[in-house]
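Notes for the structure review
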Amino acid sequence: MKRIFAFCIMIWCLEAQQDAKITYLATQASVQDVVRTMAAQAGLGYHWQKSFDQTNPLCLRWVRDVRIEAVPFGTAMQRILEPVGLRYGIENGSVVLSRAPNAIQPGDTERS
């Protein structure tokens, strides 16, 4: 019974964090900086090293003219991550970035 209750609480917390309204305004910032700030607004941590190891150099890209106002966390993350070929997951209460399946790997070149 305790396990079921704990599981329900965990699911409720994850859903609540996904629904957190995010506001982020910047003229220029790195993907990692934006994600770290948005995760904090949603009550989540951010696993910087694991995200960096899985996504370098994409996570270091600059995003410009970011204007996110009162947008659900998942939508805000999608707006930042999709254009640079990244996605996110939540592990133990922390956001972890990874490459999207179609992202170009380091050393790969696009072929026409």
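Each value, and the rule that gives it
Here the residue numbering is sequential within each chain, running from 1 through the sequence in written order. Restriction of local features to residues with pLDDT of at least 70 applies here, the model being predicted, together with a cutoff of 80 or more for giving and counting side-chain atom pairs; totals for whole chains, interfaces and linings are based on all residues. The basis for every side-chain value is the complete set of heavy atoms in the structure, and neither hydrogens nor water enter the calculation. Here a helix means four or more residues in a row that DSSP labels H or I, a strand means two or more in a row labelled E, and each is numbered from the N terminus. Exposure classes here rest on a 1.4 Å probe applied to the protein chains alone. A residue is buried below 20% of its type maximum, exposed above 50%, and partly exposed in between. We treat two strands as partners when DSSP finds at least two bridges between them.

With respect to unusual backbone geometry
Across the junction of Asn56 and Pro57, the peptide omega takes the value 10 degrees, indicating a cis bond. By the element assignment, Pro57 lies in the loop between helix H3 (48-55) and strand E3 (62-72). Positive phi, close to 50 degrees, is recorded for Asp65, a residue that is not glycine. Mapped onto the elements, Asp65 comes out in strand E3. The phi dihedral of Asn92 is positive, around 50 degrees, even though this residue is not glycine. Within the secondary structure, Asn92 is located in the loop between strand E4 (86-91) and strand E5 (94-99).

What about the pairing of E5?
Most of E5 is tucked away, with 6 of its 6 residues classed as buried. Burial along E5 is two-sided: Ser94, Val96 and Ser98 facing one way and Val95, Leu97 and Arg99 facing the other are all buried. In the sheet, strand E2 (residues 45-46) pairs with E5 via 2 bridges, with the strands oriented parallel. Residue pairing in the sheet places Tyr46 in a bridge with Val95 of E5. Where E4 meets E5, 6 bridges bridge the pair, whose relative direction is antiparallel.

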